[in-house]
Every structure is written in structure tokens, then in C-alpha cells.
Amino acid sequence: MGSLISLLTAVLFYFGWASTDAETQALGLRDTVFHFSTSDYLLRSVDALYIPAWIAATAALAAMGLHHLVERDPPMHSGCGDHSALPGCPCSH
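Here is what the cut-offs are and how they apply
Positions within a chain are numbered from 1, following the residues in the order the chain's sequence is written. Local features are withheld for residues below a pLDDT of 70 in this predicted model, meaning they are given only at 70 or higher, and side-chain atom pairs are given and counted only at 80 or more; totals for whole chains, interfaces and linings count all residues. In computing side-chain values, all of the structure's heavy atoms are included and hydrogens and water are not. A patch is a set of surface residues, each over 30% in relative accessible area and not in a salt bridge, joined within 9 Å for like charges and within 5 Å for the nonpolar side chains Val, Leu, Ile, Met, Phe, Trp and Tyr. The method behind every accessible area is Shrake-Rupley, applied with a 1.4 Å probe, and residues are considered shielded solely by the protein chains displayed. In what follows, salt bridge is the name for a side-chain nitrogen of Lys or Arg lying within 4 Å of a carboxyl oxygen of Asp or Glu. Only DSSP runs of H or I covering at least 4 residues are called helices, and only runs of E covering at least 2 are called strands; the numbering of each starts at the N terminus. Multiply 1.5 Å by the residue count of a helix minus one, and that product is the helix's expected span. Classification of residues uses two cut-offs on accessible area relative to the type maximum, computed with a 1.4 Å probe and protein chains only: under 20% is buried, over 50% is exposed, and between them is partly exposed. In this analysis, two residues are considered to be in contact whenever any of their non-hydrogen atoms come within 4.5 Å of each other. Orientation is described by lines fitted to C-alpha atoms, with helices fitted over the stretch in contact, and by angles between N-to-C directions that extend from 0 to 180 degrees. Throughout this description, any angle smaller than 35 degrees is read as roughly parallel, any larger than 145 degrees as roughly antiparallel, any in the 65 to 115 degree range as roughly perpendicular, and the remainder as oblique.

**Considering a nonpolar patch on the surface**
So, step 1. Taken together, the side chains of M1, L4, I5, L7, V11, F13, Y14, F15 and W17 define a hydrophobic patch exposed on the protein surface, amounting to about 910 Å² of accessible area.
So, step 2. On the secondary structure map, Y14 appears in helix α1 (residues 2-26).

Below is the structure:
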């Protein structure tokens, strides 16, 4: 569990640092000028990961919905009709 928390913290720190570095370079500055702490970088990572997190959550929900549609039980057989001669029909003898 500790290694998972360390990995998540490292990823959040990296995205916070990369976002801050890109913003400060666009202004012609270095991020070291602001003396950000580790918690500052972790908090700034939220802005960098907001849209990718929404995209990932939407894709996961869409995949779950598609899986539910594909894996759903077939409809119950309602009786014999013209299809009873087809293989796999419970009415075929």
C-alpha cells in the first residue's frame, strides 16, 4: 500500500512541477524563483490532471456501459415460431 501511495505522490508531483515549469517558462521565468514546496507542486497538479481525469473517467464509464450491453443475458425464449428449425433453438427437436 505504501508503494502505491509513493507512486501516486510522485506522479502528482511530476505533473505539478511540469505544469508550473511550462507556465513560468511562458512568462520568461524559472520556477525556482517562486520557491514552491512539495505540497505546492502536489496542489498545482490538480489543474494539470483535471481534464485527463475527466476523459479517463468518461472512457471508463463508456467501457463499462458497452461491456454491460455486450455481456447481457440473451432475452428469454417466448415460444416456437418460424425460427424453430434454426440450430440452437430450444424448440428444435
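Structure shown, so let's carry the discussion forward.
**Some points on α1**
So, step 1. Helix length check: α1 (25 residues) gives 36 Å between terminal C-alpha atoms against 36 Å at 1.5 Å per residue, within 8%.
So, step 2. Among all positions of α1, only G16, S19, T20, D21 and T24 are buried.
So, step 3. Residues of α1 that are buried sit in contact with α2 (38-71).
So, step 4. In the stretch just after α1, G28 is the one whose phi turns positive, near 80 degrees.

**Thoughts on the packing of α1 against α2**
So, step 1. Running from N to C, α1 and α2 cross one another at 80 degrees; their axes reach a closest spacing of 7 Å. Classified by the angle between their axes, α1 and α2 sit roughly perpendicular to one another. Judged by residue contacts, T9, L12, F13, F15, G16, W17, S19, T20 and E23 of α1 engage T38, Y41, L42, R44, S45, A48 and L49 from α2.

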